[in-house]
Amino acid sequence: MTRIPHWLAQHIAALRVVLVLTLLTGLAYPLAMVAAAQVPGLGGTSEVTGADGRPAGSSLIGQTFTDAKGNPIKKYFQSRPSNAGTGYDATASGAGNQGPESVVDTKDRPSLLTLVCGRSKAVGGLEGVDSSRPYCTDDGVGAVLGVFYDGGTSGRATQAVSLNQACPAKPFLTRYRRVRVTCAKPGADYSHAVIVPVRGNAPADPAVPADAVTASGSGLDPHISPAYANLQAPRIARERGASAADVHKLIEQYTTGRALGVLGERGINVVELNIALDRTYPKQGA
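To keep things clear, this report deals only with the structure shown in the data block. The model shown is predicted, which means the values in this text are computed figures rather than measured ones.

What counts, and at which threshold
Residues numbered from 1 in each chain as written. Predicted model: local features only at pLDDT ≥ 70, side-chain atom pairs only at ≥ 80, totals over all residues. Heavy atoms only, no water. Pairing = 2+ DSSP bridges. Helix = DSSP H or I, 4+ residues; strand = E, 2+ residues; numbered from the N terminus. Axes fitted to C-alpha atoms, helices over the stretch in contact; angles between N-to-C directions. Parallel < 35°, antiparallel > 145°, perpendicular 65-115°, else oblique. Contact = heavy atoms within 4.5 Å. Nonpolar A, V, L, I, M, F, W, Y, C, P; charged D, E, K, R; others polar. Buried < 20%, exposed > 50% of the residue type's maximum accessible area, 1.4 Å probe, protein only. Salt bridge = Lys/Arg side-chain N within 4 Å of Asp/Glu carboxyl O.

Considerations on the sheet that holds strand S10 (residues 267-269)
Then comes step 1: Sheet architecture is open: three strands sit in the order S8-S10-S9, paired in antiparallel fashion. Two strands lie at the open edges of the sheet, namely strand S8 (223-224) and strand S9 (255-256), each paired on one side alone.
Then comes step 2: Alignment of S8 against S10, held across two bridges, turns out to be antiparallel. In the strand pairing of S10, histidine 223 is matched with asparagine 269.

Concerning the packing of helix H2 (residues 112-127) against helix H3 (residues 226-240)
Then comes step 1: Where H2 contacts H3, the axes come no closer than 9 Å and their chain directions differ by 40°. As summarised for this structure, H2 and H3 are arranged oblique, according to the angle between their axes. Across the interface between the two elements, Val123, Leu126 and Glu127 from H2 touch Tyr228, Leu231, Gln232 and Arg235 from H3.
Then comes step 2: Taken together, the residues that form the contact of H2 with H3 break down as four nonpolar, one polar and two charged.

Describing the pairing of strand S3 (residues 144-149)
Then comes step 1: Within S3, six of the six residues are buried, which leaves the element mostly enclosed by the surrounding structure.
Then comes step 2: Sheet analysis places S3 next to strand S7 (residues 194-197), joined by four bridges and oriented antiparallel. What sits directly across from leucine 145, in S7, is valine 196.
Then comes step 3: As paired elements, S3 and strand S4 (residues 157-166) share five bridges and run antiparallel to each other. By the bridge assignment for S4, tyrosine 149 is matched with alanine 157.

Focus on the pattern of salt bridges
Then comes step 1: Tallied over the entire structure, the rule returns six salt bridges.
Then comes step 2: Ionic pairing is found between aspartate 150 and arginine 156, a salt bridge with its closest N-O pair at 3.6 Å.

Written out as structure tokens, the structure is:
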């Protein structure tokens, strides 16, 4: 029996791989996507209609429910923050590109920690709940010290600065390692300081949930968590002249489960929920 040359066997195997991948990615996958697009809820238009019968955006893209000055409209559930352009701009979808190490503000940009702290303070004030969270100051910035040591990165502390609290702000901490804490002086160089985030005594499980203070990866996600929706329920009930129990029922009605039962978390499409609010409780609040 004549054996196929090794080089020819390799070429035949490569052609088989090309053929299989062509069938999968060039035929099977496109056909599957076309079929999925015909399933209600997966394909077709995502346009939603408001209580007045006019187009009210897309169910796939979030919206900001704020006034011309950027203040929350109290009669509506508020969305999570968005880093897409000025907010939910489909042409500028994207994350803020800041991670866990973004704790010190710069001249041109607040740190991720300060953004989270400021948002938590604002939400706490709007909803009338405790806004404190770990590593945040009472005035809503990152609780971060810049500490100078006589040994460079170790030894005796010689200076401690509250980096995100510019003078004349009062430092969130009076003393650190027997050194008086001072506020940051604009223009001063603290690049050689050791960065020390201070947890503080805030609860490990803050009253303001995480999705109320952080943006989604796309910046377009229209969903909020049940925890954030229920936090807003008392305000919505007051503004709409409804009972808190009825508002909670509406929240539960618009809560969707995990994808395939296991992926992700339960969520609520805030765009659809606010349209339902206008239809069910049309009272106009502030």
